[in-house]
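Take a look at the letters that make up each chain.
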Amino acid sequence: SQANFEEDGQKQPAVGHWKTLMPSKGSKEEPETGCQDAGGADETQSTEQLNVSRLRSSSVEIREKGSEFLKEELHKAQKELKLKDKECERLSKVREQLEQELEELTASLFEEAHKMVREANTKQAASEKQLREARGKIDMLQAEVTALKTLVITSTPSSPNRELHPQLQSPSKAVFRKGHGRNKSTSSAMVSAASQNVTPEPVSHERKEVDSILFAEFQAWKESPTLDKSCSFLDRIYREDVGPCLDFTKQELSELVRVAVEQNTLTIEPVASQTLPVVKVSAEECGGPKKCALSGLPRTCKHRIMLGDSGSYYYISPSCRARITAVCNFFTYIRYIQQGLVRQDVELMYWEVMRLRREMSLAKLGFYPSEM
């Protein structure tokens, strides 16, 4: 029986089953069925618990994996965001740089445009000034040509009028030319046609000889005539004749007169006797009908001068007028030579220059015609 029990024990499972050796009457199958039901419930419960634990572990694992995935995605998104921020910052810097360059370019273009406008205005002003000067020179040349035509009309080649052509006169027939005026519109010096009738000495009583030094200086100047006083020819005349002839008591006014004569802007006009006591209000007048503005001495002044277009008048005595006229006559003649209006032999032009120098010398010594 023990062997059978052991065999039965091996055949029947020991867990979840309870087998009664001596069951009671009327209830042979009930205890076995109850044991079987209890064992199945426990097994189902354990299975459910196992399933629940598996579900819980799988959900935890899924959560962990999901969190890791989300963390990775977040990390990637943060990296991309940083890259985009850097790109935005770089583009912002590029935009600021482009805006700055655009502003600088605009400013430089405006500055260049203003510079071009200023240069254009400067060139236009210079061109207008040159045009005015050219027109003034044209007017001056036209006035001089008109004056020369007037001289030519009153003279013929067979019988030239020597009074109207002083360059044709010999030194023995040198005369003082009366008056020296300027056309105010053209500022050109024109010598009056009237001349002083002085009885000349016989030609045989006057001898002349060309000075080699003076003639050489004049020839050198004649090759390229200029009004620059730095050349030896004009430098000598300035030192020996022009300077002393225009050296008056009033030094400051004397310098202004010299500059006006050189620039051909001096005007000499007579003062009518009936207007002598009248003093102009619109123009400043120095000296007076009874006082010379250059010498400062009480003299009867029949003429007055104006320097350029200043509107200031200065009364001058006959002696001062003769000195100024002599210098103006010299400058008028050398200007004619410079402009090519005098067509003579070099020696004849030289003697005319010497005659004009003698006029300046006599004038600075106080000799002048009574009609002055």
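This one's a predicted model, so the numbers in the text were calculated from it and none came from an experiment.

What follows concerns the packing of helix α3 (residues 212–223) against helix α7 (residues 346–364). The contact between α3 and α7 brings their axes to 11 Å, and the two run at 115°. In terms of orientation, α3 lies roughly perpendicular with respect to α7. Regarding α3 and α7, the two cross each other, and that crossing is right-handed. Residue-level contacts link L214, F215, F218, Q219 and K222 of α3 to V346, E347, M349, Y350, V353, M354 and R357 of α7. Tallied by class, residues from the contact of α3 with α7 come to 8 nonpolar, 1 polar and 3 charged.

The periodicity of an α-helix, 3.6 residues per turn, causes residues three or four places apart in sequence to face the same way. Compared with an ideal rise of 1.5 Å per residue, which puts 13 residues at 18 Å, helix α5 (residues 251–263) spans 18 Å between its outermost C-alpha atoms and is within 8% of the ideal. Restricting attention to buried positions, one finds in α5 the residues L253, S254, V257, R258, A260 and V261. All buried residues of α5 project into a common sector of 165° when viewed along the axis, lining one side. Those residues of α5 that are exposed and aimed more than 90 degrees away from the buried face are E252 and Q263.

Right, let's get into a negative patch on the surface. Taken together, the side chains of E64, E68, E72, E73 and E80 present a region of like negative charge at the surface. By secondary structure assignment, the location of E73 is in helix α2 (residues 30–153).

Now for the pattern of salt bridges. Going through the model one piece at a time under the given rule, you end up with 13 salt bridges. Across the pair D235 and R239 runs a salt bridge, and its minimum N-O distance is 3.1 Å. Of this pair, D235 and R239 are both found in helix α4 (residues 232–245), 4 residues apart, which corresponds to roughly one turn of the helix. Residue D235 is classed as partly exposed on the basis of its relative accessible area, which comes to 30%. When its relative accessible area of 51% is taken as the criterion, R239 is described as exposed. For R355, the salt bridge goes to E359, with nearest N and O atoms at 2.7 Å.

Let us look at the packing of α4 against helix α6 (residues 318–338). Direction vectors running N to C along α4 and α6 enclose 155°, while the axes themselves pass 9 Å from each other. By the criterion of interaxial angle, the relationship of α4 to α6 is roughly antiparallel. Across from L234, I237, Y238, V242, P244 and C245 in α4, the residues of α6 making contact are R323, V327, F330, F331 and I334. In terms of residue class, the contact of α4 with α6 is built from 10 nonpolar, no polar and 1 charged.

The subject of this paragraph is the nonpolar core. With 48 residues, the main nonpolar core has L266, L294, I305, I324 and F330 as its most contacted residues. Elements with a contribution of two residues or more to this core: α3, α4, α5, β3 (266–270), β5 (303–307), β6 (313–316), α6 and α7. The biggest single contributor to this core is α6, with 11 residues. With near-sequence residues (within four places) excluded, L294 lies in contact with F248, T249, K250, L253, S254, V257, Y315, I316, C320 and I324.

For the rest of this paragraph, the subject is a nonpolar patch on the surface. Taken together, L362, L365 and F367 make up a surface patch of nonpolar side chains, about 310 Å² in accessible area. Mapped onto the elements of the fold, F367 is located in the segment after α7.

Okay, α6 next. Compared with the 30 Å implied by 1.5 Å per residue over 21 residues, the 30 Å span of α6 between its first and last C-alpha is a close match. Counting buried residues in α6 gives 19 out of 21 residues, a clear majority hidden from the surface.

Summing up the model confidence of the protein chain, the mean pLDDT is 76 and the portion of residues at 70 or higher is 69%. Taken element by element, the protein chain is modelled with least confidence in strand β2 (residues 188–191), mean pLDDT 36, and with most confidence in α4, mean pLDDT 94. Per-residue pLDDT stays below 50 along residues 155–159; that stretch engages in 3 contacts with residues further than four places along the chain or on separate chains. Segment residues 170–204: pLDDT under 50, and 88 contacts once partners within four positions in sequence are set aside and those in other chains are kept.

Rules used throughout
Residues numbered from 1 in each chain as written. Predicted model: local features only at pLDDT ≥ 70, side-chain atom pairs only at ≥ 80, totals over all residues. Heavy atoms only, no water. Axes fitted to C-alpha atoms, helices over the stretch in contact; angles between N-to-C directions. Helix = DSSP H or I, 4+ residues; strand = E, 2+ residues; numbered from the N terminus. Parallel < 35°, antiparallel > 145°, perpendicular 65-115°, else oblique. Left-handed = near helix turned anticlockwise from the far one by under 90°. Contact = heavy atoms within 4.5 Å. Nonpolar A, V, L, I, M, F, W, Y, C, P; charged D, E, K, R; others polar. Expected span 1.5 Å × (residues − 1). Buried < 20%, exposed > 50% of the residue type's maximum accessible area, 1.4 Å probe, protein only. Arc of directions from axis to C-beta. Patch = residues over 30% accessible without salt bridge, like charges linked within 9 Å, V, L, I, M, F, W, Y side chains within 5 Å. Areas by Shrake-Rupley, 256 points an atom, 1.4 Å probe, with all protein chains shown as cover. Salt bridge = Lys/Arg side-chain N within 4 Å of Asp/Glu carboxyl O. Lys, Arg positive; Asp, Glu negative; His and termini not counted. Charge placed at Lys NZ, Arg CZ, Asp CG, Glu CD. Core = buried A, V, L, I, M, F, W, Y, C linked by side-chain atoms within 4.5 Å. pLDDT = per-residue confidence, 0-100.

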